[in-house]
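# Tertiary structure, described
Listed below are the residues making up each chain.
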Amino acid sequence: QVQVVESGGGLVQPGGSLRLSCVASGRIFSIYTMGWYRQAPGKQREFVADIPSGDSTNYADSVKGRFTISRDNAKNTVYLQMNSLKIEDTAVYYCNARRLRGGTNYVYWGQGTQVTVSS
């Protein structure tokens, strides 16, 4: 069982920056695609970014050019560097780890960390 724990959220002013961290348990961290999602009040959880084991990256259009996802396999950690933050970025940010095995997509979620962008 993979356990995922996020940290780094907080209150920041528009235009500011935050770096979120996510630590996942397991000895095979490197084979998982790691991703970030977010959920704003009254809205569904949405994709933000992910980074497969091959180090390619994918971003939602809403964050492309402002957010950067990276991973450090030696530390079992994935990061989300968030720059030029906007009020609409306010949400609970969730980290996940996933892999496809035997026709099943296994997904493990963290508990979330609150990011509030406000002046």
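### A word on the overall build of the protein chain
From N to C terminus, the protein chain includes 0 helices and 11 strands. When the elements of the protein chain are put in sequence order from the N terminus, they spell out β-β-β-β-β-β-β-β-β-β-β. Computed over C-alpha atoms, the radius of gyration of the protein chain comes to 14 Å, within 12% of the 14 Å expected from 2.2 N^0.38 for 119 residues, which places it in the range of a compact globule. Expressed along its principal axes, the backbone C-alpha trace of the protein chain runs to roughly 45 × 30 × 25 Å. By the burial criterion, 41% of the 119 residues in the protein chain qualify as buried. For the protein chain, the share of sequence-separated contacts (at least 6 apart) that also reach a separation of at least 24 residues comes to 53%.

### Section: the side chain of Thr 113
For Thr 113, the location among the structural elements is in strand E11 (residues 113-117). A polar contact of 3.1 Å, which involves the side chain of Thr 113, links it to the backbone nitrogen of Gly 9. In contact with Thr 113, other than residues within four places in its own chain, are Glu 6, Ser 7, Gly 8, Gly 9, Leu 20, Ala 91, Val 92 and Tyr 93.

### Quick word on the sheet that holds strand E7 (residues 67-72)
The 4 strands are arranged E1-E3-E8-E7 in an open sheet whose pairing can be described as antiparallel. Each edge of the sheet is formed by a strand with only one pairing partner; in this case those strands are strand E1 (4-7) and E7. Across the sheet, the axes of successive neighbouring strands diverge by a mean angle of 15°, strand direction being ignored. Direction of pairing for E1 relative to strand E3 (residues 18-24): antiparallel, over a ladder of 4 bridges. Among the inter-strand pairings, Val 5 is bridged to a residue of E3, identified as Val 23.

### Describing the pattern of salt bridges
Here the structure, examined in full by the defined rule, presents 4 salt bridges. We note a salt bridge from Arg 38 to Asp 89, for which the minimum N-O separation is 2.9 Å. A residue pair is termed long-range when its members are at least 10 positions apart, and Arg 38 in strand E4 (residues 33-39) and Asp 89 in the loop between strand E8 (77-82) and strand E9 (91-101) qualify at 51 residues. For the salt bridge of Asp 89 with Arg 66, the shortest nitrogen-to-oxygen distance reads 2.8 Å.

Basis of the calculations
- Residues numbered from 1 in each chain as written.
- Predicted model: local features only at pLDDT ≥ 70, side-chain atom pairs only at ≥ 80, totals over all residues.
- Heavy atoms only, no water.
- Helix = DSSP H or I, 4+ residues; strand = E, 2+ residues; numbered from the N terminus.
- Rg over C-alpha atoms; globule rule 2.2 N^0.38 Å.
- Buried < 20%, exposed > 50% of the residue type's maximum accessible area, 1.4 Å probe, protein only.
- Contact = heavy atoms within 4.5 Å.
- Polar contact = N/O pair within 3.5 Å; in protein donor to acceptor, adjacent residues only side chain to side chain.
- Pairing = 2+ DSSP bridges.
- Axes fitted to C-alpha atoms, helices over the stretch in contact; angles between N-to-C directions.
- Salt bridge = Lys/Arg side-chain N within 4 Å of Asp/Glu carboxyl O.

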